[in-house]
Amino acid sequence: MENKTVPSPEELQKLLEKAQREVQAALEKMTPEERAQAELNAKKRMEEDRASMQALMDEAAAVAAGSIPKPAAKFCPNCGAPVSGGKFCANCGKPLPGAG
Ligand SMILES: [Zn+2]
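The paragraphs below set out a description of the structure included in this document. (Residues numbered from 1 in each chain as written. Predicted model: local features only at pLDDT ≥ 70, side-chain atom pairs only at ≥ 80, totals over all residues.)

1. Describing the overall build of the chain
Helix and strand content of the chain: two helices and zero strands. Of the contacts made within the chain by residues no fewer than 6 positions apart, 9% connect residues no fewer than 24 positions apart. (Helix = DSSP H or I, 4+ residues; strand = E, 2+ residues; numbered from the N terminus. Contact = placed C-beta atoms within 7 Å.)

2. A closer look at helix 2 (residues 32-65)
A rise of 1.5 Å per residue sets the reference length of helix 2, with its 34 residues, at 50 Å; its end C-alpha atoms lie 48 Å apart and thus fit the reference within 8%. Helix 2 sits mainly on the outside: zero of its 34 residues count as buried. (Expected span 1.5 Å × (residues − 1). Buried ≥ 20, exposed ≤ 12 C-beta atoms within 10 Å, placed from the backbone.)

3. Looking at helix 1 (residues 9-29)
End to end, helix 1 covers 30 Å across 21 residues, agreeing with the expected 30 Å (1.5 Å per residue, within 8%). Burial runs low along helix 1: only zero of the 21 residues are buried.

4. Points about the environment of Lys94
Tracing the sequence through the fold places Lys94 in the segment after helix 2. Looking at Lys94, the number of C-beta atoms within 10 Å reads 14, which means it is partly exposed. The spacing of Lys94 and Cys79 is 15 residues in sequence and 8.8 Å in space, taken between C-alpha atoms. Sequence-distant contacts of Lys94, defined by excluding residues within four places in its chain, comprise Cys76, Asn78, Phe88 and Cys89.

Now the structure itself:
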């Protein structure tokens, strides 16, 4: 039970080379049409990944710029008890910021 979850850089490199060889072999077996389709699919997936990454970045930027209000405090700033949207803390009775 050693290095099971974290492969060493050498192992990663080997895995990567193996995967690349397999992709290469699969590509060579394909007809030009199939290959074009596979490349198209890979490109599409990459664009989708980029789009979802971009959406995350946009959201983070919007939150940072303050255009999206942060959710109300989830913990009482006075006593630290979790609160669920009321005006006052159920634990210590202090008024909660951002409510009403
Ligand atoms: Zn409190």
